[in-house]
Amino acid sequence: MTKVLTDARSIRIKGRSFLAVMLSPDLPFDDWLVRLDDLAARSAGFFLGRPVVLDVTDLPIDRKQLKELISELAARNVSIMGIEGGRPSVLGPGMPPALKGGKPVSDFDLPKQEAAAAPEAASVQAESRPTLQSIVIREPVRSGQSVIFPEGDVTIIGSVASGSEIVAGGSVHIYGTLRGRVMAGSLGNASARIFCRKLEAELVAIDGIYKTAEDMAPELHGQSVQLWLEGDAIRAEKLI
C-alpha cells in the first residue's frame, strides 16, 4: 500500500559557523587543571557560554583518561562541543563528537556604526565583509559586548570596558583604556600585537598565550603599552 504524504511542510536545515575556543591540555592533567582553575578564577566568566573544542592531538592517553578529563571540565562548567585529534580507540559513546578540519570562517559579530547602542550583555553585530583585512570600531566597546574579527586587525576608537572582549586574527589597536579582555592572533598568528593608550586589562592573549591582570608588571598599569609574543611568553613595553 502506498502512503501519500499530503503535508508539504519541510524541515529547514542550515549551515552555520562559530568561533570556538580551543583547549589544548598537556600532561599531567592534574597540573594542567590547576592552571585552568587559576585562569578561571582571575577572569570570571571566561568560558561562560563559549563553544569549546578539546584538542588532544598526540596526547598518549586512553579512553578512561579522556572521559575523566571531560568530567573534570564539566564540573568547571566548561562544556566540550567536540574533540579534535582523538584516536578512534579513545573516543566512545557519550563523548563529544570527533572534529577535524577546523578553519577560519567568514561570519563574525561586528558593530554597525549606524546602529543604536546595543543592550548590556549583547554582542555588537554587523554584516561580514570577507574582503576586509582590518576593521575600525568608532565607538567604545561596552561591558558584555564582543567584537570578533578573525580575518585581520581590529582598531577601537574608544575604550574597551571591563566585561567586554575583542578577538582578532591579527593585531588589536585601542585608542582608549583597555579594561576588558583582548585576544590577538586568535587563529595562530604569533606576530600579532596589542596596542593600547591605557592598560587596565583583565586579560590579554596572543596566539593562545595569555596574561591576566595579576601577571602584569605594576609599572605598566595605566600606561600606553604594546604587547607582543616572544617564544611562549608575552612581553610588554611602554609606548613613548
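Residues numbered from 1 in each chain as written. Predicted model: local features only at pLDDT ≥ 70, side-chain atom pairs only at ≥ 80, totals over all residues. Heavy atoms only, no water.

Caption draft 1: Fine view of the overall build of the protein chain. If you tally the helices and strands in the protein chain, you get two helices and 15 strands. In the protein chain, which comprises 240 residues, the proportion classed as buried is 38%. As presented, the protein chain carries roughly 14,100 Å² of accessible surface, and 51% of it is formed by carbon and sulfur atoms. (Helix = DSSP H or I, 4+ residues; strand = E, 2+ residues; numbered from the N terminus. Buried < 20%, exposed > 50% of the residue type's maximum accessible area, 1.4 Å probe, protein only. Areas by Shrake-Rupley, 256 points an atom, 1.4 Å probe, with all protein chains shown as cover.)

Caption draft 2: Molecular detail of the sheet that holds strand 12 (residues 203–206). On the basis of which strands lie adjacent, the open sheet formed by five strands has the order 6-8-10-12-13 and mixed pairing. At either end of the open sheet lies a strand with only one pairing partner, and these are strand 6 (146–149) and strand 13 (209–212). Taken over all neighbouring pairs, the strand axes of this sheet differ in orientation by 5° on average, direction set aside. Of the strand pairs in this sheet, strand 6 and strand 8 (residues 165–168) are connected by four bridges, and their pairing is parallel. Across the sheet, Val147 pairs through a bridge with Ile166, a residue of strand 8. (Pairing = 2+ DSSP bridges. Axes fitted to C-alpha atoms, helices over the stretch in contact; angles between N-to-C directions.)

Caption draft 3: How the structure looks around the nonpolar core. Counting 28 residues, the largest nonpolar core has Ile166 and Leu178 as its most contacted members. Dropping the residues within four chain positions of it, Ile166 is found in contact with Val141, Val147, Val154, Ile156, Val160, Val172, Arg181, Val182 and Met183. (Core = buried A, V, L, I, M, F, W, Y, C linked by side-chain atoms within 4.5 Å. Contact = heavy atoms within 4.5 Å.)

Caption draft 4: The arrangement of the sheet that holds strand 11 (residues 194–199) in detail. Pairing within the open sheet is mixed, and its six strands lie in the order 5-7-9-11-14-15. Either end of the sheet is taken by a strand with one partner, and the two such strands are strand 5 (134–137) and strand 15 (233–238). Strand-to-strand, the axes of this sheet are offset by a mean angle of 25°, without reference to chain direction. Both strand 5 and strand 7 (residues 153–156) contribute to a ladder of four bridges, which runs parallel. Its bridge partner lying in strand 7, Ile135 is registered against Val154.

Caption draft 5: Broad picture of unusual backbone geometry. Cis rather than trans, the peptide bond between Leu27 and Pro28 has omega equal to -5°. When you line up the elements, Pro28 lands in the loop between strand 1 (21–23) and helix 1 (29–42). Even without a glycine there, the phi angle at Asn77 is positive, about 65°. The topology assignment puts Asn77 in the loop between helix 2 (63–75) and strand 3 (80–84). The residue Asp207 is not glycine, and still its phi comes out positive at about 50°.

Caption draft 6: Quick peek at helix 2. An ideal rise of 1.5 Å per residue puts 18 Å on 13 residues; helix 2 measures up with 18 Å between its terminal C-alpha atoms. Of all the positions in helix 2, only Leu66, Leu69, Ile70 and Leu73 are classed as buried. Summarising the axial view, the buried residues of helix 2 lie within an arc of 100°, below the 170-degree limit, and thus occupy one face. In helix 2, the exposed positions that point more than 90 degrees away from the buried face belong to Lys64 and Ala75. Measuring from the side-chain oxygen of the N-cap residue of helix 2 to the backbone nitrogen of Lys64 gives 3.3 Å; that N-cap residue is Asp62. (Expected span 1.5 Å × (residues − 1). Arc of directions from axis to C-beta. Polar contact = N/O pair within 3.5 Å; in protein donor to acceptor, adjacent residues only side chain to side chain.)

Caption draft 7: Inspection of the pairing of strand 8 at higher detail. Of the two faces of strand 8, the one lined by Glu165 and Val167 and the one lined by Ile166 and Ala168 are each fully buried. Pairing geometry for strand 8 and strand 10 (residues 181–184), over three bridges, is parallel. Of the residues in strand 10, the one forming a bridge with Val167 is Met183.

Caption draft 8: Highlighting a nonpolar patch on the surface. Taken together, the side chains of Val136, Ile157 and Tyr175 define a hydrophobic patch exposed on the protein surface, amounting to about 260 Å² of accessible area. Considering the arrangement of structural elements, one finds Ile157 in the loop between strand 7 and strand 8. Judged by its relative accessible area of 39%, Ile157 falls in the partly exposed class. (Patch = residues over 30% accessible without salt bridge, like charges linked within 9 Å, V, L, I, M, F, W, Y side chains within 5 Å. Salt bridge = Lys/Arg side-chain N within 4 Å of Asp/Glu carboxyl O.)

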